[in-house]
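This is what each chain is made of:
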Amino acid sequence: MSRDRKISWNPRGEPQFIVSSSAQLALYAWDESAASISHVASTADLAGLRCFSWSPTESCDDLVAVGSDSGRVELHRLSLSAPLAANAGNALFPSAPVATFALRNAASGGTSRACNAVAFSSADPNLMACGMDKSKAAQGLVVWDIETELPALGIDVLPAHVTPLPRTSAQKSGDARIVQLHAPTEGVTSLSFLPHSSRLLTAAVNSRWMRLYDLRTAQSVNGTLPRQGLCKSISDVVVDPLDACRIASVGDDTVVRIWDCRNLALPMLTFSEREALGDGARARGGGAAVTGIEFSPSRRGLFASLERDASVVRFWDIVSGESVSAEHNITPDALPKRWRWASSSGDQESLQTSNTEDDRATLHLAETHKSRRFNRPLASFAFVPNQQTKHLVSVSRDGDIEFSVTPDPHLVAWSARGELGIELGRRWRVFQPVLGVDGQPRPWDTPAPTSEPALRINGSSKLPTTFGRGDDDGFPALPPAPHRLAPPRPQAQLYSPASIARIPLERGPGDATPRPSASAPLPEDTTSLHPTRFNAHFASPGRGMKVSHSRKASKSPAPRASSKSRVPSGQKSSVRVVRDDISVVMRRRVLRGYALGPESANFALNAAIAKDDPAGTDSHKLTALWKWMEHSRHLFPPGSSSCNGYDFAFRGVLAIWDGFEPTPVTTVPPPLPAEEQTSLLEALVDGTIQDSPPSMRSMHHQRSEDALDGGYASAVARVNSRRFRPRDLAMEKVMVATAKLEQRRLALAICGWDLDEMGLNDRIMEFEKAGSPTRAACWAMFSNQYAKALEILMVSTDERHRIMSGTLAALLPPNAERKPAKEHYERMIVRLEDPYLRVMMLYAALHDWEEIIREEVLPFDERLAIVLFFFDDRALSSYLRGRAEALRYTADLEGLILTGIATKAGADILDAYVDIAGDVQTAALLTSYVICPPERQRSVDASSDHTRDEERLFERAERWAEAYRTLLDSWRLFDYRCKFDIARGQLLSEALAARGGPAEAPYSWVPGQLRVRCNTCKKLLETGVEARNKGMQCPTCKKPFPRCVICMLALEVPAEDVRASNLGANSTPHDTVDDGFIFCSTCRHGGHARHVLEWFFGSSEGEDGSIAPEAEAHEVCAVGECDCRCADLF
Amino acid sequence: MLQTGLLPSAHTDLVTDAAYDFYGLKLATCGVDQRIKVWTQDENSGQWAVEDDWKAHDAPVTSLSWAHPEYGTIVASTSSDRTTKVWERRHADANTGRRWIEVASLSDAKGAVRCAGFAPADFGLKLVTLASDNVLRLYECLESASGAQWELREELDMASPFLSTAPTPTVFTPRLALTAPSPSPTSDSEGGGWSLSWCKETYWGPCVAVCTPSAPFIRIIHLPPALRPQCVLSIPVQQGGPACVSWAPLLGRTHHLLACGSRDGHVRIFKLPAPTPGEGADWSYEPLADFDEHGQGNAVSKVEWNLTGTVLASSGHDGRVRLWKASYSNVWRSMGYVTAETSEDAPGGEGIEEEVED
């Protein structure tokens, strides 16, 4: 009978393992870095080998005890027998030293019994325990002392016994080496010393008993019985090297039991393969015998089991729970089905598990999973000590040794900054997208109290050294960006400038963001700032490496040399995903100034920023869109964007062509907070609305004038006349006949193609200079300047262009009627690569406009211009509408040029864009420019589609804005969020003003965040109202305000309108905010802002603006008995 | 370019969960070693440093969740010791230097608490926990200033039939019977893992997606403050059942995205068209993607959306973290995988292995 192979890892964790087969033991060494196995030694001719155990002694690492069928146990040193194995036939060599332990007749019970198991104690390697087959006259468990045999085996260092054990009387055992004899008339199938113990020995006795022997008592025959637990079947026991008390057993009933050696009455946990049904385990009839179980030597609670003939190893994660009190007992019903303890079969003991003693920790199966499937059934496996992964070495029944790693799933988490964190066993790896524009001082950055101002200046001038210094990626070193050298912020500015409502933010003292001006250099994007160490290789060592003993040479994967430079393209897509994701892109955009702003410079800046978006986003379309926005803003500056009640701001081409409804003229104010609403309504009733600001009145006036004319066409004509010089557009002489010339003109203006002769020629020159002569030639040709077109092509440096010029010359009028060559040209067009050459050929040879505008490579505005010039009215209408419809559900931002933003179709495009690109930032910015709040007052009588659409649009815009605010918050870009809100409020009130609402209604756009209520009369204190009477008392109840906890003076409400003048005009700026009051929301103590800030932060600004001498900074509240740490969250 | 960093020896035993706070500047990790560690990131250098580290439970900590900063710096931790604890960062104690104080310990669960999640800030300081006694518990903090008083608002037995709304399939066996050679009585115990994920948007009321091992579907449970909780949608997850679920931030999109990893190694993405809020909001779903790149049988144990819901990271038993992203044609695609293992535990082994399959 050929026995199963067994594999065993070095008990001390050295990279060695032993494989046993029917009559031989082989020792191998494992080199993890090279992923190779080398044969070290082996010993053959071990007749009747039944079990073996590897001694944990430190003296040598090749001492093995071999138990045989005959009952003998031999100690072998594998490396000493190596020459023997190599020269098996050579009888001249003396045999390797072997120490034999065999029971004499008296002790052995007369007949020879097989030795089932042998084990060493790790605490005392001289102790060896043997488990013997059952015999009526002898003990089944023998403990030997091997010390005396060691010198014969060439082991010099003799480790002393840790604690001497009492001995069974020598007469009885008959052999001085026998220390103890246990388990009379019983058979032991498996045994093991508890980890780090020389006295506690656990054994599987008589296939029924889980027994724990305490070797300190030599006799157990007549004395008290050793601790034991009864179970249905037990054939194998293993101990957990990481838990001194945990024992696992398995028997023929295929159930694994986990025991606690302190209480063997019942197993702690029982489970079988059936528990893993959820993980694809098959419930075989009764389950297959479990042939191998083992605890991981390196990972707590990891247990593995192998079924007979299985080609997968199953892992179990066992975690210990809380100690359970009696009433908290787990009933099987309360457990989830999957982890139900094996109770379905009516197994008595598992039901009893729920009644375990109070002080015992419960165990759970937290998780189970399989190793990968091996090609052939496994005979045995062993854990390779490795903290990171489940590393196994296994041997198949044919003797193939295989190392395999069963990877663990890593935890993953994303941070708000786009950082990806991955758990690695006990460690945590982070991947941070480096923005390169980070690190700018933020308004609330409090300078460290110890740092001197001078140091800060140095610090800021030092900044460029860490910035754009050039790197391996080919980024040149950058000149220091001017904005980085912003003057140091005044030290006393401890609080956010968000409260500085009236100061233009660009002039904010701590504002380090670039001014939105088109010429300002952008903060250079140094995404490649930090030299990163990428160690790119495709196969990590140790992953599924197979070393097939007999057939395949191990192939060690050659790790690529780690490279500091950019890893070759194509393999970094996952990195790119993290780095170039929209979440990172949006944050970078904000930091570089992508923002809402009424000035056209803002649009240019946004366009420039969008241009730098990483590839793969819609950056060129986004850039085009912002340029178009800029252009449109330029055409229709705020305040003069409407004509005859038609508001042209940011209208799309389609709207211009088809016409749109005039902006509803209303005198009813927009929704306002309740209090203001009532007052305004009263004002309306009183007729005091006449007191509305002069700007508004003039607007009313103007509008009534406008209204006299009426009609969309005339409005367009008026806009055009406002804009165009008397002479016509350059291209108009080639334009098709049209009934809606004015609309065409305006639409062209929207596209930026309303050029006069000069302008057109300039643009052609521009194209030529920009290195696209074909583009220049194309437009020259469209404007019938054939000679010029050919000339441009002729002077081109590209030979193909010169050749093409000849072809084109032949085609152009008056020679254009050469039809026979048409087919030839068609073929030629297909082959041309340059889109403009194709267009020219299409135009000259075939005169096929339909084909021309199908050239998707051409910029959208150019295609629109072509359509507007050369399509007749009907074709133009159908083209525009068709395009708008086609673009509607695509995320094509350029479609917005056609549809405009504040239309249903435009919003649909934006919707699709947000859905796909996730760029809620752009959506929030764009819609803030155009989408006005609906007029709720009007909707009472007219629930027209228009109003409802408007409402829906506004609602969507609001949600985009809200989502964007949340994003900014989670990036801690509160100041940018405030700026966004302020700009948005300005734009919205502008829009309302244009519509005729009150020009100033800022409160309704940014929800009020704080209200002050009088403590006595509970009336709201409106800032500004009571400013005129010195506000030391409540304007309603005239009770004084609470006193400042520092200066004990009554607080006051500073006048809002005095502040701007105080700040702006005076040579010594005095901020009224300093006189405002602040309260701790926890202890409710507070006082003057400047006093409280001084109390907590120590420094204060003197009256003359100088920094006052450092005052002591406090941590707790200034009120005597209060120990609140008010400023902790500041 | 990415900067990579390594937080060495975060724990003395396996890390079981990790969570970033709202700003991404704090990272809490917990482990089998019963400890919680809080790390803070230097905003300028991007370096992480340990801020505090304490023994939190009497058993392995199973999960962590940060509350919205509006309520202070608060972390909830769950553990196999059947408790959920709430920790708040306070001023450093003068004697011990400890910053994190246990403000509450919730011990209603009758089994190991597997996961917890704070509700979006707008709903108040609320916490949902899921324990292996199959009960979903909703706690609310009554005094959010101290964070100490927590009241158990709802207890929801996930096995209870009322949760299975009528139109959704509750019986889930036929396919299994075909694959299992001998259908044993326990074959219906097919299941996945414990997982819950809040809808981050407040527009539709408090909604949480839950999966438990005993149910082969993801359930979306609406937890209105005054009314009974209701299962508004259940999404069957074929074969293997859900193991983890993650609800993407909405971020202005017109539809919700729900990702689900299952025990059979699939990563699935569902699209949930945003229902019109109000009475009887109609939740529906359509499958958007189904990937099996993790390999058959390699259960997917974690799916995570990034801030914008544009990249999905999934982690499976093949030991890889895979990234998924939608293309411009709105087709979800694999973006390769990251294995961040170092070859050895060596301290100098900071190199990262970047493996990408295209």
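Residues numbered from 1 in each chain as written. Chains lettered and ligands numbered in written order. Predicted model: local features only at pLDDT ≥ 70, side-chain atom pairs only at ≥ 80, totals over all residues. Heavy atoms only, no water.

Draft legend 1. Structural context of the overall build of chain A. Counting its secondary structure elements, chain A contains 31 helices and 37 strands. Sorting the 1130 residues of chain A into buried and exposed places 53% on the buried side. Just so you have it, chain A exposes about 49,700 Å², and 53% of that area is on carbon and sulfur atoms. (Helix = DSSP H or I, 4+ residues; strand = E, 2+ residues; numbered from the N terminus. Buried < 20%, exposed > 50% of the residue type's maximum accessible area, 1.4 Å probe, protein only. Areas by Shrake-Rupley, 256 points an atom, 1.4 Å probe, with all protein chains shown as cover.)

Draft legend 2. Structural detail: the packing of helix α16 (residues 773-782) of chain A against helix α17 (residues 786-794) of chain A. Residue and element names in this part refer to chain A. With their axes 7 Å apart at the nearest point, α16 and α17 run at an angle of 170° to one another. Between α16 and α17, the crossing angle belongs to the class labelled roughly antiparallel. Across the interface between the two elements, Pro 773, Thr 774, Ala 776, Ala 777, Ala 780 and Met 781 from α16 touch Tyr 786, Lys 788, Ala 789, Ile 792 and Leu 793 from α17. The residue inventory of the contact of α16 with α17, partitioned by class, reads nine nonpolar, one polar and one charged. (Axes fitted to C-alpha atoms, helices over the stretch in contact; angles between N-to-C directions. Parallel < 35°, antiparallel > 145°, perpendicular 65-115°, else oblique. Contact = heavy atoms within 4.5 Å. Nonpolar A, V, L, I, M, F, W, Y, C, P; charged D, E, K, R; others polar.)

Draft legend 3. Quick peek at the sheet that holds strand β9 (residues 115-120) of chain A. All names here are of chain A. As summarised here, the arrangement of the four strands in space is β9-β10-β11-β12, forming an open sheet in which the pairing is antiparallel. Two strands bound the open sheet, and with one partner strand each, they are β9 and β12 (178-184). Averaged over all pairs of adjacent strands, the angle between strand axes in this sheet comes to 15°, irrespective of strand direction. Of the pairings in the sheet, the one linking strand β11 (residues 139-145) to β12 comprises five bridges and is antiparallel in character. From the neighbouring strand, Val 143 faces β12, where its bridge partner is Gln 180. (Pairing = 2+ DSSP bridges.)

Draft legend 4. Representation of the packing of helix α8 (residues 600-611) of chain A against helix α9 (residues 619-635) of chain A. Residue and element names in this part refer to chain A. Contact pair α8 / α9: the axes reach a minimum separation of 8 Å and the direction vectors enclose 170°. Considering their axes alone, α8 and α9 lie roughly antiparallel with respect to each other. Facing α8, whose interface residues are Ser 600, Phe 603, Ala 604, Asn 606, Ala 607, Ala 610 and Lys 611, α9 presents Ser 619, Leu 622, Thr 623, Trp 626, Lys 627, Met 629, Glu 630 and Arg 633. Class assignment for the residues of the contact of α8 with α9 results in seven nonpolar, four polar and four charged.

Draft legend 5. Examining the UniProt feature "repeat: WD" (unreviewed entry) in chain B more closely. All names here are of chain B. Listed under "repeat: WD" (unreviewed entry) in the UniProt record, and renumbered for this structure, are residues 8-39, 54-88 and 293-334. Helix and strand shares over residues 54-88 are 0% and 54% respectively, and the end C-alpha atoms of the span are 13 Å apart. The span residues 293-334 shows a helical share of 0% and a strand share of 50%, and its end C-alpha atoms are spaced 8 Å apart. (UniProt positions renumbered as here; feature names shortened; annotations may be inferred.)

Draft legend 6. Representation of the side chain of A:Arg211 in the model. All names here are of chain A. Here Arg 211 lies in strand β15 (residues 209-214). Look at Arg 211 and you get buried, because its relative accessible area is 5%. Within the structure, the side chain of Arg 211 is placed 2.7 Å from the side chain of Gln 228, a separation counted as a polar contact. (Polar contact = N/O pair within 3.5 Å; in protein donor to acceptor, adjacent residues only side chain to side chain.)

Draft legend 7. Local environment of the pairing of strand β10 (residues 127-132) of chain A. Residues and elements named next belong to chain A. Most of β10 sits out of view: six of its six residues are buried. Relative to β10, β9 runs antiparallel, the two being bridged by five bridges. By the bridge assignment for β10, Ala 119 is matched with Ala 129. Counted between consecutive antiparallel strands, the loop separating β9 from β10 contains six residues. Where β10 folds back onto β11 in an antiparallel hairpin, the turn is made up of six residues.

Draft legend 8. Layout of the confidence of the model for chain B. Residues and elements named next belong to chain B. Mean pLDDT over chain B works out to 78, with 82% of the residues at or above the 70 mark. In the model of chain B, helix α1 (residues 174-179) stands out as the element of lowest mean pLDDT, 28, in contrast to strand β7 (residues 74-79), which has the highest, 93. Contacts from residues 164-191, a stretch scored under 50 in pLDDT, to residues over four places away or in other chains number 39 contacts. Note on residues 342-358: pLDDT is under 50 here. Beyond four places in sequence and across chains, it has 62 contacts. (pLDDT = per-residue confidence, 0-100.)

Draft legend 9. Layout of the nonpolar core. Residue and element names in this part refer to chain A. Trp 626 and Phe 648 are the most contacted members of the largest nonpolar core, which has 127 residues in total. The element that contributes the greatest number of residues to this core is helix α20 (residues 835-846), accounting for nine residues. When sequence neighbours within four positions are dropped, the list of residues in contact with Trp 626 reads Tyr 594, Phe 603, Asn 606, Ala 607, Ala 610, Thr 922, Leu 925, Leu 926 and Tyr 929. One finds Cys 115, Phe 120, Ile 155 and Ile 178 within the second-largest nonpolar core, a separate group that totals 23 residues. (Core = buried A, V, L, I, M, F, W, Y, C linked by side-chain atoms within 4.5 Å.)

Draft legend 10. Geometry of the sheet that holds strand β5 (residues 48-55) of chain B. All names here are of chain B. The strand order across the open sheet built from four strands is β2-β3-β4-β5, with neighbouring strands paired in antiparallel fashion. If you trace the sheet from one side to the other, it starts and ends with β2 (15-20) and β5, each paired once. With direction set aside, neighbouring strand axes in the sheet form an average angle of 20°. As judged from the five bridges shared by β2 and strand β3 (residues 26-31), these two strands associate in the antiparallel manner. Its bridge partner being in β3, Ala 19 is matched across the sheet by Ala 28.

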